[in-house]
Amino acid sequence: MGRQNHKHGAHTLEAFEQGFRRLDELLGENGLSLHIIVCGGYLVQRMGIRGTTDVDAFYTKNEKIEKLIHQVGVELKLNTAYSTWLNRSVATMSDWPDRKFHERLYTFDNLIIDQVITEYLLGMKLRSTRDQDVMDTGHLFEKLGVSDPIALYNHLNELSIDVGMSYILTAFSELNGEGWFGAYFRENQQELLKLFRLDDKKGRRSM
């Protein structure tokens, strides 16, 4: 999968796949099924950018399923002191992605796994203020060949991915350093002001 800058305690992709397969077995033994939509650091790891300790996913919460997920983590030593190896905390911070924003990754007997598309993942990262997400954003810019904020804004809006211009400019500013925003704003002032007004009408965050 290319280079991987593993953070301390990160699991391999093979370990996560083993977790998925064991969870599928346990679901079958208990007459259950589960559909999850993975996102976050796990997808960043699949791109060969960095490692992660857990899999962020959208799925419907169920007490029995949560116990099975925890059991898999205990058996395979995937859980950490902070979270289970597969967790849905992202669902408390972000809206569930529309069907057009995810695609099939794995199909097991009792477990179906979709992944959000790269543009949607980027949108989630852009709306975050965590240092790790800022770094991930830079790598995703490289993966998508992104170099112009306005072009990115138009592309995401064409896909109906709701990210305001301010988030995009903040990411570019943090990645490109002091002085970048002033120069870019001077060169693109009229277009940027038009997009800020558009975001205001949509109720998005403004600068």
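Keep in mind it's a predicted model, so treat the numbers as computed, not measured. (Residues numbered from 1 in each chain as written. Predicted model: local features only at pLDDT ≥ 70, side-chain atom pairs only at ≥ 80, totals over all residues. Heavy atoms only, no water.)

Asks: Would you mind going over the packing of aromatic side chains with me for this structure?
Replies: Two measures describe an aromatic ring pair: the distance that separates the ring centres and the angle between the ring planes. Summed over all chains, the structure comprises eleven aromatic pairs. Consider the rings of Phe 20 and Trp 85, whose centres lie 5.7 Å apart with planes at 55 degrees: the pair is tilted. Of this pair, Phe 20 sits in helix H1 (residues 13-29) while Trp 85 sits in the loop between helix H3 (63-76) and strand S3 (86-87); the two residues are 65 residues apart in sequence, bridging distant segments of the chain. When sorted by exposure, Phe 20 lands in the same class as Trp 85, which is buried. Consider the rings of Tyr 106 and Phe 108, whose centres lie 5.5 Å apart with planes at 25 degrees: the pair is stacked. We note that Tyr 106, like Phe 108, is buried. An aromatic cluster is present here, built from Phe 16, Phe 20, Tyr 42, Trp 85, Tyr 106 and Phe 108 joined pairwise through their rings. (Phe/Tyr/Trp six-rings, centres within 6.5 Å; stacked < 30°, edge-to-face > 60°. Helix = DSSP H or I, 4+ residues; strand = E, 2+ residues; numbered from the N terminus. Buried < 20%, exposed > 50% of the residue type's maximum accessible area, 1.4 Å probe, protein only.)

Asks: What is the right way to look at the pattern of salt bridges in this model?
Replies: Under the defined criterion, the tally for this structure stands at eleven salt bridges. Ionic pairing is found between Lys 125 and Asp 133, a salt bridge with its closest N-O pair at 2.7 Å. Both residues of the pair, Lys 125 and Asp 133, count as buried. Connected via shared salt-bridge partners are Arg 50, Lys 125, Arg 130, Asp 133 and Asp 136. (Salt bridge = Lys/Arg side-chain N within 4 Å of Asp/Glu carboxyl O.)

Asks: What's the story with the packing of helix H5 (residues 131-144) against helix H7 (residues 165-176) in this structure? I'm lost.
Replies: For any two helices packed against each other, the geometry comes down to the angle between their axes and how far apart the axes lie. Interaxial distance between H5 and H7 falls to 10 Å at its minimum, and their mutual angle equals 95 degrees. One finds that H5 runs roughly perpendicular with respect to H7. The residues of H7 that touch H5, namely those facing Val 134, Thr 137, Gly 138 and Phe 141, are Ala 171, Phe 172, Glu 174 and Leu 175. Taken together, the residues of the contact of H5 with H7 break down into five nonpolar, two polar and one charged. (Axes fitted to C-alpha atoms, helices over the stretch in contact; angles between N-to-C directions. Parallel < 35°, antiparallel > 145°, perpendicular 65-115°, else oblique. Contact = heavy atoms within 4.5 Å. Nonpolar A, V, L, I, M, F, W, Y, C, P; charged D, E, K, R; others polar.)

Asks: Explain unusual backbone geometry to me, please; I cannot follow it from the model alone.
Replies: Across residues other than glycine, the phi torsion is negative in most instances, and most of the peptide bonds are trans. One non-glycine residue, Lys 77, lies in positive phi territory at about 60 degrees. By the secondary structure assignment, Lys 77 is in the loop between H3 and S3. When its relative accessible area of 70% is taken as the criterion, Lys 77 is described as exposed. Not every positive phi belongs to a glycine, and Ser 160 is a case in point at roughly 65 degrees. Looking at the element boundaries, Ser 160 is found in the loop between helix H6 (149-158) and H7.

Asks: Honestly, the pairing of strand S2 (residues 55-58) in this entry has me stumped. Any pointers?
Replies: Sheet faces and side chains relate simply in a regular strand, where the side chains alternate between the two faces. Pairing of strand S1 (residues 34-39) with S2, which is carried by three bridges, proceeds in the antiparallel orientation. Residue pairing across strands places Cys 39 opposite Asp 56, the latter belonging to S2. Bridge count between S2 and S3: two bridges; the pairing is parallel. From the neighbouring strand, Asp 56 faces S3, where its bridge partner is Asn 87. (Pairing = 2+ DSSP bridges.)

Asks: Sorry if this is basic, but what is going on with the nonpolar core here?
Replies: Inside soluble globular proteins, nonpolar side chains tend to come together where they are buried. Within the largest apolar cluster, 61 residues are counted, with the highest numbers of intra-cluster contacts made by Phe 20, Leu 23, Ile 36 and Tyr 42. Considering every element that reaches this core, the biggest residue donor is H1, with seven residues. Once residues within four sequence positions are removed from consideration, Leu 23 is found in contact with Leu 34, Leu 68, Ile 69, Val 72, Trp 85, Leu 86 and Leu 111. (Core = buried A, V, L, I, M, F, W, Y, C linked by side-chain atoms within 4.5 Å.)

Asks: Looking at this model, I keep getting lost on the environment of Thr 84. Mind explaining?
Replies: On the secondary structure map, Thr 84 appears in the loop between H3 and S3. Judged by relative accessible area, Thr 84 falls into the partly exposed class, the value being 21%. For Thr 84, the contacting residues outside a window of four places in its chain are Asp 54, Ile 69, His 70 and Asn 79.

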